[in-house]
Amino acid sequence: MKPLPALELVTRLEDAEWLDPVSKKVRKVVKRAIRPKWARDVLHGVPIGHPVHPLAVQVPMGAWISAAVLDALPGNDKASALLIGVGTGAAVPSAVAGFTDWTQLHPQQQRVGLVHAAANITATGLYAASLVARARGSRGGGKVLAYLGLAVVGAGGFLGGHLTYRQAAGVNHSEEIPHRFPSGWQPLAALADLPDGKLHKIVVAEIPLLAYREGESVSVLSDVCSHLSGPLHEGKVKGGRLQNRVDQNGGPGDGSDPCVVCPWHGSTFSLRTGEVQAGPATARQPLFETRVSGGLVEVCLPGAE
């Protein structure tokens, strides 16, 4: 079966560089409006482990589809208007979460995402106009506007599906690592060859790993950022005993948990646990167990000995 012709049109959006100036202006507005880091992390979905936007859109979509069914049946004008109002109001926080994620995507993803957002904003406007028409007594006009809104939001949903499943926006880009890494202990490197307190990339079984040595201890994560596959070894270390070896008075460092900051979008992960410390990433980095045997550092996936 051949793909629908519409798919080719959507694919062309990925290369529509004329959208970039608009994207740049919108990014500035969104970043200026949502400044607190904790607010961005909540909207990204760090606390729940996956993006908030796909979950939030269930409310307006469910309300609008239900309203469409009621509009097709007689005697449901009030119930339909109520559902349209609920969907229109719920579209706002959903859009805020979506735009927050969108600011941290690749240019090709942002181009498709911008048109996706435009479609959803247009649909929300049509539903708002439907409520106004109904309030003025134009039930037929209100229904037409609502059905137009449903068609437009359906097109926006198609673009959202392309963005997520074809362009992999919002998915865990490190999910496959545990399935590809061989079981049992694998040699990593000689302990003496690992730089102390620095990030180091090592490929084991064709899997890029990130090693961080603290004295005799070595932490190992996947080097592929779970957000958008950024190379973590090119990032920077934040906190940790070795990074803060001495304070301003010449004393020991603060001993805080060392973290790696992705060089692409600033996602921050604990080097000791792989847990997300700051978004836009929502999925933790795969963590490897380590041991030192005869001066050789070995790694193993937890439970795969």
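Residues numbered from 1 in each chain as written. Predicted model: local features only at pLDDT ≥ 70, side-chain atom pairs only at ≥ 80, totals over all residues. Heavy atoms only, no water.

Comments concerning the overall build of the protein chain
Here's step 1: When you go through the protein chain residue by residue, the secondary structure sums to nine helices and 10 strands.
Here's step 2: The C-alpha radius of gyration of the protein chain comes to 24 Å, more than 25% above the 19 Å expected for a compact globule of 305 residues.
Here's step 3: By its C-alpha atoms, the protein chain is 80 × 55 × 40 Å across when sized along the principal axes.
Here's step 4: Burial status across the protein chain gives 43% buried among its 305 residues.
Here's step 5: Within the protein chain, residue pairs in contact and separated by at least 24 positions form 59% of the contacts whose partners lie at least 6 positions apart. (Helix = DSSP H or I, 4+ residues; strand = E, 2+ residues; numbered from the N terminus. Rg over C-alpha atoms; globule rule 2.2 N^0.38 Å. Buried < 20%, exposed > 50% of the residue type's maximum accessible area, 1.4 Å probe, protein only. Contact = heavy atoms within 4.5 Å.)

Thoughts on the state of the cysteines
Here's step 1: For the structure on display, the rule yields zero disulfides.
Here's step 2: No disulfide involves C259; its nearest neighbouring cysteine sulfur is the one of C225, lying 13 Å away.
Here's step 3: C262 takes part in no disulfide bond, and the closest cysteine sulfur, belonging to C225, lies 3.9 Å away.
Here's step 4: Note on C262: relative accessible area 5%, which makes it buried. (Disulfide = S-S within 2.5 Å.)

Focus: the pattern of salt bridges
Where charged atoms from two side chains of opposite charge approach closely, those side chains can pair.
Here's step 1: Taken as a whole, this structure holds 10 salt bridges when the rule is applied.
Here's step 2: With its nearest N and O atoms 3.6 Å apart, the salt bridge here joins R12 to E8. Of this pair, R12 and E8 both sit in helix α1 (residues 5-13), four residues apart, roughly one helical turn.
Here's step 3: Where E214 meets R272, a salt bridge forms, and the shortest distance between an N and an O atom there is 2.9 Å. Of this pair, E214 sits in strand β3 (residues 207-214) while R272 sits in the loop between β7 (268-270) and β8 (276-278), placing them 58 residues apart in sequence.
Here's step 4: For R272, a relative accessible area of 37% puts it in the partly exposed group.
Here's step 5: Each of the salt bridges in this network shares a partner with another, and the network as a whole consists of E214, D257 and R272. (Salt bridge = Lys/Arg side-chain N within 4 Å of Asp/Glu carboxyl O.)

As for the sheet that holds strand β10 (residues 296-300)
Here's step 1: Across the sheet, which stays open at both edges, the six strands sit in the order β1-β10-β9-β4-β3-β2 with antiparallel pairing between neighbours. The open sheet has two free edges, formed respectively by β1 (186-190) and β2 (199-204), since each of these has just one partner strand. Between one strand axis and the next, the sheet turns through 35 degrees on average, direction left out of account.
Here's step 2: Two elements, β1 and β10, share four bridges in a ladder whose sense is antiparallel. Across the sheet, residue P187 finds its bridge partner in β10, namely E298. (Pairing = 2+ DSSP bridges. Axes fitted to C-alpha atoms, helices over the stretch in contact; angles between N-to-C directions.)

Re a nonpolar patch on the surface
Here's step 1: A cluster of nonpolar side chains, V59, L82 and V86, forms an exposed patch at the surface whose accessible area comes to about 270 Å².
Here's step 2: Relative to the assigned elements, V86 resides in helix α6 (residues 77-102).
Here's step 3: Under the relative-accessibility criterion, V86 is labelled partly exposed at 41%. (Patch = residues over 30% accessible without salt bridge, like charges linked within 9 Å, V, L, I, M, F, W, Y side chains within 5 Å. Areas by Shrake-Rupley, 256 points an atom, 1.4 Å probe, with all protein chains shown as cover.)

Section: the UniProt feature "transmembrane region" (unreviewed entry) in the protein chain
Here's step 1: Feature annotation in UniProt assigns "transmembrane region" (unreviewed entry) to the following positions: residues 80-100, 112-132 and 144-165.
Here's step 2: In the segment residues 80-100, helix accounts for 100% and strand for 0%; the C-alpha atoms at its two ends are 31 Å apart.
Here's step 3: Secondary structure across residues 112-132 comprises 100% helix and 0% strand; the distance between its end C-alpha atoms is 31 Å. (UniProt positions renumbered as here; feature names shortened; annotations may be inferred.)

Some remarks on the packing of α1 against helix α8 (residues 139-166)
Here's step 1: Following both chains from N to C, one finds α1 and α8 inclined at 65 degrees, their axes separated by 11 Å at the closest point. The pairing of α1 with α8 is recorded here as roughly perpendicular in orientation. Seen along the crossing, α1 lies across α8 with a hand that is right-handed. For the pair α1 and α8, contact is made by L7, V10, T11 and L13 and by F158, L159, H162 and R166, respectively.
Here's step 2: Within the contact of α1 with α8, the residues separate by chemical class into five nonpolar, two polar and one charged. (Parallel < 35°, antiparallel > 145°, perpendicular 65-115°, else oblique. Left-handed = near helix turned anticlockwise from the far one by under 90°. Nonpolar A, V, L, I, M, F, W, Y, C, P; charged D, E, K, R; others polar.)

Things to note about the sheet that holds strand β6 (residues 259-261)
Here's step 1: Strand order in the open sheet formed by four strands is β5-β6-β7-β8, with antiparallel pairing between adjacent strands. At either end of the open sheet lies a strand with only one pairing partner, and these are β5 (236-238) and β8. Sheet twist, expressed as the mean angle between neighbouring strand axes with direction ignored, is 35 degrees.
Here's step 2: Where β7 meets β8, two bridges bridge the pair, whose relative direction is antiparallel. For F269, the partnering residue across the bridge sits in β8 and is V276.

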